[in-house]
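Geometric and topological summary
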Number of protein chains: 2
Amino acid sequence: MPDPVQSSFRALADPTRREIIAILSKEQQTIAQLTGHFDMTRAAVKKHLTVLSDGGLITMEQQGRECINRLSPGGMKPVLDWLSYFDQFWNTRLENLKEAIERNDT
Amino acid sequence: MPDPVQSSFRALADPTRREIIAILSKEQQTIAQLTGHFDMTRAAVKKHLTVLSDGGLITMEQQGRECINRLSPGGMKPVLDWLSYFDQFWNTRLENLKEAIERNDT
DNA sequence: TTGACAGGATACCAAAAGGTATCACATAAA
DNA sequence: TTTATGTGATACCTTTTGGTATCCTGTCAA
């Protein structure tokens, strides 16, 4: 899937993948660790991780026999780019983002 | 689909639906008008519109024998809420949103 | 009234998506 | 060196999804 917008949005469209993102936002995890959070096999979790990786939202680093999964900071760029194109309609909520930004910037 | 986050993200996951959003951001359209923009049947376009409506991203108003489709201003709220939860990782791109907001706010 | 036009609704189809089971392989540990 | 662990890869299954075709209903215009 060569379109970054499509692959990003696709990666976000599944609740399991969004939860994986939430978990990885707290700490990096191996595939086996991540599987412990869900009621499915490692193979299924690994498929989700592949989709997330294709979408640029995470990075998968091989370390010995383990596979470390981390959130990719710039991965959300295509999504935010697309969303910001329609600010004039959805800027209601952007107020909150603005606050978050100002908290971070200083 | 009772989960607003899921139905919103699902609605955004298809390129045709995102293009519909782009079109509707310029002007409201009937189903027949929208169909003119794509290489598919009215039935297919209507299905996409139903998904977008389920996701709260558009409103469909019956007007005589026509069906007027409009962008729903607050529809992106669940998406932006979810995204803003991970600001600390993706705030790189939030800079641009900030600029867009400041252009609109005055 | 009689068409023509805009949409619902349904059934159906092919492909993609989410998931499991299984086997193979490399590596860490005993 | 065994043995167990963590993962990759493949095949397979079921459900969902994107799409068409078809038919039916309502509405606007001659």
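Below you will find a few notes about this structure.

About the thresholds
Residues numbered from 1 in each chain as written. Chains lettered and ligands numbered in written order. Predicted model: local features only at pLDDT ≥ 70, side-chain atom pairs only at ≥ 80, totals over all residues. Heavy atoms only, no water. Pairing = 2+ DSSP bridges. Helix = DSSP H or I, 4+ residues; strand = E, 2+ residues; numbered from the N terminus. Contact = heavy atoms within 4.5 Å. Axes fitted to C-alpha atoms, helices over the stretch in contact; angles between N-to-C directions. Near = heavy atom within 4 Å. Polar contact = N/O pair within 3.5 Å; in protein donor to acceptor, adjacent residues only side chain to side chain. Expected span 1.5 Å × (residues − 1). Buried < 20%, exposed > 50% of the residue type's maximum accessible area, 1.4 Å probe, protein only. Arc of directions from axis to C-beta. Salt bridge = Lys/Arg side-chain N within 4 Å of Asp/Glu carboxyl O. Parallel < 35°, antiparallel > 145°, perpendicular 65-115°, else oblique. Nonpolar A, V, L, I, M, F, W, Y, C, P; charged D, E, K, R; others polar.

All names here are of chain A. Sheet architecture is open: three strands sit in the order β1-β3-β2, paired in antiparallel fashion. The open sheet has two free edges, formed respectively by β1 (29-30) and β2 (58-63), since each of these has just one partner strand. Where β1 and strand β3 (residues 66-71) come together, two bridges link them in antiparallel fashion. Across the sheet, the residue bridging to threonine 30 is isoleucine 68, located in β3. Those strands touched by helix α4 (residues 42-54) are β2 and β3, and its axis lies near 120 degrees from that of β2.

Taken together, 20 residues lie around DNA strand D, and Ala32, Arg42 and Arg65 of chain A together with Lys47 and His48 of chain B are the ones closest in. Taking histidine 48 of chain B, its side chain carries an N or O atom lying 2.3 Å from a phosphate oxygen of DNA strand D. Arginine 65 of chain B has a polar side-chain atom sitting 3.3 Å from a base oxygen of DNA strand D. Taken together, the elements giving at least two residues each to the surface near DNA strand D come down to α3 (31-35), α4 and β3 of chain A together with α4 (42-54) of chain B.

Residues and elements named next belong to chain A. The terminal C-alpha atoms of α4, which comprises 13 residues, lie 18 Å apart, in line with the 18 Å expected from a rise of 1.5 Å per residue. Of all the residues in α4, the buried ones are Val45, His48, Leu49, Val51 and Leu52. With its buried residues spanning 160 degrees around the axis, α4 presents them on a single face. Turned more than 90 degrees from where α4 packs its buried face, Ala43, Lys47 and Asp54 sit exposed. Looking at the packing, one finds that the buried side of α4 touches α1 (4-12), α2 (15-24), α3, β2 and β3. The first or second residue beyond α4 is glycine 56, which carries a positive phi of 75 degrees.

As a further point, take the protein's contact with DNA strand C. Lining the immediate environment of DNA strand C, one finds 20 residues, of which Thr41, Lys47 and His48 of chain A together with Thr30 and Ala32 of chain B sit closest. When the atoms of DNA strand C within 4 Å of the protein are sorted by group, sugar and phosphate make up 73%. Between a phosphate oxygen of DNA strand C and a side-chain N or O atom of arginine 10 of chain A, the distance comes to 3.3 Å. Histidine 48 of chain A places a polar side-chain atom, nitrogen or oxygen, 2.3 Å from a phosphate oxygen of DNA strand C. Of all elements in the fold, only α4 of chain A together with α3 (31-35), α4 and β3 (66-71) of chain B reach the threshold of two or more residues within the surface near DNA strand C. The greatest single-element share of the surface near DNA strand C, amounting to four residues, is contributed by α4 of chain A.

Turning our eyes to something else, we now look at the environment of serine 72 of chain A. Residue and element names in this part refer to chain A. Tracing the backbone shows serine 72 in the loop between β3 and α5 (77-84). Spatially, the C-alpha atoms of serine 72 and threonine 59 are 5.9 Å apart, while their sequence positions differ by 13 residues. For serine 72, the side chain forms a polar contact with the main-chain oxygen of glycine 56, separated by 3.4 Å.

Where charged atoms of side chains with opposite charge meet at close range, the side chains can pair. Residue and element names in this part refer to chain A. Evaluation of the coordinates by the stated rule reveals four salt bridges over all chains. With a closest N to O distance of 2.7 Å, arginine 70 and glutamate 61 form a salt bridge. For arginine 70, a relative accessible area of 27% translates into the label partly exposed. Overall, glutamate 61 belongs to the partly exposed group, its relative accessible area being 34%.

Another aspect to go through is the pairing of β2 of chain A. Residues and elements named next belong to chain A. As defined by bridge partners, β2 adjoins β3 across six bridges and the pair is classed as antiparallel. Bridged to glutamine 62 within β3 is cysteine 67. Two successive antiparallel strands, β2 and β3, enclose a turn made up of two residues, where glycine 64 displays a positive phi of approximately 65 degrees.

Let us look at the packing of helix α1 (residues 4-12) of chain B against helix α5 (residues 77-84) of chain B. All names here are of chain B. Across the interface, α1 lies against α5 with an axial gap of 8 Å and an inter-helix angle of 100 degrees. One element, α1, and the other, α5, form an angle in the roughly perpendicular class. In contact with Pro4, Val5, Ser8, Phe9 and Leu12 of α1, α5 contributes Pro78, Val79 and Trp82. Of the residues assigned to the contact of α1 with α5, the class counts are seven nonpolar, one polar and no charged.

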